[in-house]
Structure formats: C-alpha cells, structure tokens
Amino acid sequence: MRNLDISMGIGETSRVTEASTTQIRYWEKRGLIESVSHGKGQNKRYNLENISTILYLKMMLDNGYTLNKAAEMAKERLANVDIIRMFVSTRVNRIAHDGENTLLNLGPLENDPKFDVIADVSDGGVTLNKEENGKSVKQGD
C-alpha cells in the first residue's frame, strides 16, 4: 500500500478520518504524520499511510488514550505492519484454495528443508503443518 500514489488534501482527509484539520496540522507539527507534496507550491497531501495513522490516532484518543501513548502505539503498529509485509512477501510461496480452506505454502523448514510449512486457514482458525515439499499446495496455484 505504501507504494500506491494515492493522496488527498487536508479537507478530504479530515472528512474521511473525522479528525479536525486543526488536529491533523498539530499531529504533523509534532512529527506524527508527514504530508506529501506532488510539486512546489502545491497544497499538502496525505497518503494512505498518513490516513491510516490519523485514523488510528483518532480511534485511540476517542478511547481515552493520551496523544503521546496513541503516537507510541501507532509507531509500534506501523513497525508491525512492516514486519508482516516482509513476512508475507518473503515466505508465502503459493496459495491454493481447497473447498472452504485456503492453504498457504510458507516454504521449506530451515532445519528440515525436505518439508514445507503449510498454513491451513479456515473460518475455524489457522493450523500449521509440515508436509513434503510440493505435496499440499499445487505448483502454480
């Protein structure tokens, strides 16, 4: 999502997030968000990452957290999103659908490379299994 070039002005950002323009400007002044600009002299724009952070800050403040605590939690949340993004982009080799379940091949085990880790995702939850390379999730699915 970070690479998508989608942004909006402060008024639209305020309308979408229900944070006031004053809040958004203050959070930017504090360094909690950083506006983007597509050219010199153009109005400030807020991208998807900013909008997500604004929504999170607003939700935390509405739930009684201080701005400092909300900002700390938002920073941790963004770091966790980066970790999850890296995990998914480097470990999910193939995805297949088997009836109501989705199978994700997470690649070979480091300590037993003849076996792949298979995540079986269903409405009931997620189970992890080790299976011989290429047995569960068909090549190319």
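Before reading on, note that the structure itself is shown above.
The structure presented is a predicted model; accordingly, all values stated were derived computationally and were not measured. (Residues numbered from 1 in each chain as written. Predicted model: local features only at pLDDT ≥ 70, side-chain atom pairs only at ≥ 80, totals over all residues. Heavy atoms only, no water.)

1. With respect to the overall build of the chain
In step 1: Within the chain, the secondary structure is distributed over 4 helices and 6 strands.
In step 2: Overall, the chain shows an N-to-C arrangement of helices and strands of β-α-α-β-α-α-β-β-β-β.
In step 3: If you line up the chain on its principal axes, its C-alpha atoms span 55 × 35 × 30 Å.
In step 4: With 141 residues in all, the chain has 28% of them scored as buried.
In step 5: Contacts spanning at least 24 positions in sequence make up 35% of the contacts within the chain whose residues lie at least 6 apart.
In step 6: When the accessible area of the chain is evaluated, it comes to approximately 9,700 Å², of which 51% is carbon and sulfur surface.
In step 7: The average position of the 19 basic charges and that of the 20 acidic charges among the side chains of the chain differ by 9 Å. (Helix = DSSP H or I, 4+ residues; strand = E, 2+ residues; numbered from the N terminus. Buried < 20%, exposed > 50% of the residue type's maximum accessible area, 1.4 Å probe, protein only. Contact = heavy atoms within 4.5 Å. Areas by Shrake-Rupley, 256 points an atom, 1.4 Å probe, with all protein chains shown as cover. Lys, Arg positive; Asp, Glu negative; His and termini not counted. Charge placed at Lys NZ, Arg CZ, Asp CG, Glu CD.)

2. Topic: the packing of helix H3 (residues 48-62) against helix H4 (residues 67-91)
In step 1: In the contact formed by H3 and H4, the axes pass within 9 Å of each other and the chain directions differ by 140 degrees. As judged from the angle between their axes, H3 and H4 are oblique. Crossing hand, H3 versus H4: right-handed. Note on element contacts: H4 touches H3 through Leu-67, Ala-70, Ala-71, Met-73, Ala-74, Arg-77 and Leu-78, opposite Glu-49, Ser-52, Thr-53, Tyr-56, Leu-57, Met-60 and Leu-61.
In step 2: Class assignment for the residues of the contact of H3 with H4 results in 10 nonpolar, 2 polar and 2 charged. (Axes fitted to C-alpha atoms, helices over the stretch in contact; angles between N-to-C directions. Parallel < 35°, antiparallel > 145°, perpendicular 65-115°, else oblique. Left-handed = near helix turned anticlockwise from the far one by under 90°. Nonpolar A, V, L, I, M, F, W, Y, C, P; charged D, E, K, R; others polar.)

3. Examining the nonpolar core
In step 1: If you look at the biggest cluster of nonpolar residues, it comprises 17 residues, and the most contacted ones within it are Ile-24, Trp-27, Ile-33, Tyr-46, Ile-54 and Leu-57.
In step 2: Sorting the residues of this core by element identifies helix H2 (21-29), H3 and H4 as the ones contributing at least two each. (Core = buried A, V, L, I, M, F, W, Y, C linked by side-chain atoms within 4.5 Å.)

4. Regarding the layout of surface pockets
In step 1: Empty space within the largest pocket amounts to approximately 250 Å³.
In step 2: In terms of lining residues, the largest pocket is bounded by 15 residues, among which Leu-32, Ile-33, Glu-49, Thr-53 and Leu-78 are the most central. (1 Å grid on protein atoms, 1.4 Å probe; cavity = no way out; pocket = protein on both sides within 12 Å on 5 of 7 lines; lining within 4 Å. Points joined across faces, edges and corners; volume = space filled by probe spheres on them.)

5. Examining the sheet that holds strand E5 (residues 112-122)
In step 1: Spatial strand order, E3-E4-E5-E6: 4 strands in an open sheet with antiparallel pairing. Unpaired on one side and paired on the other, strand E3 (94-98) and strand E6 (125-132) mark the two borders of the sheet. Neighbour-to-neighbour, the strand axes of this sheet turn through a mean angle of 25 degrees, independent of strand direction.
In step 2: As defined by bridge partners, strand E4 (residues 101-109) adjoins E5 across 6 bridges and the pair is classed as antiparallel. Within the sheet, the bridge partner assigned to Leu-104 lies in E5 and is Ala-119. (Pairing = 2+ DSSP bridges.)

6. A short note on unusual backbone geometry
In step 1: Positive phi outside glycine occurs at Glu-18, with the angle close to 65 degrees.
In step 2: Here Glu-18 is to be found in the loop between helix H1 (10-17) and H2.
In step 3: Judged by its relative accessible area of 64%, Glu-18 falls in the exposed class.

7. What to know about the pairing of E6
In step 1: When E5 meets E6, the two strands line up antiparallel, connected through 8 bridges. Directly across from Ser-122, in E6, lies its bridge partner Gly-125.
In step 2: In this antiparallel pair of consecutive strands, E5 and E6, the connection spans 2 residues.

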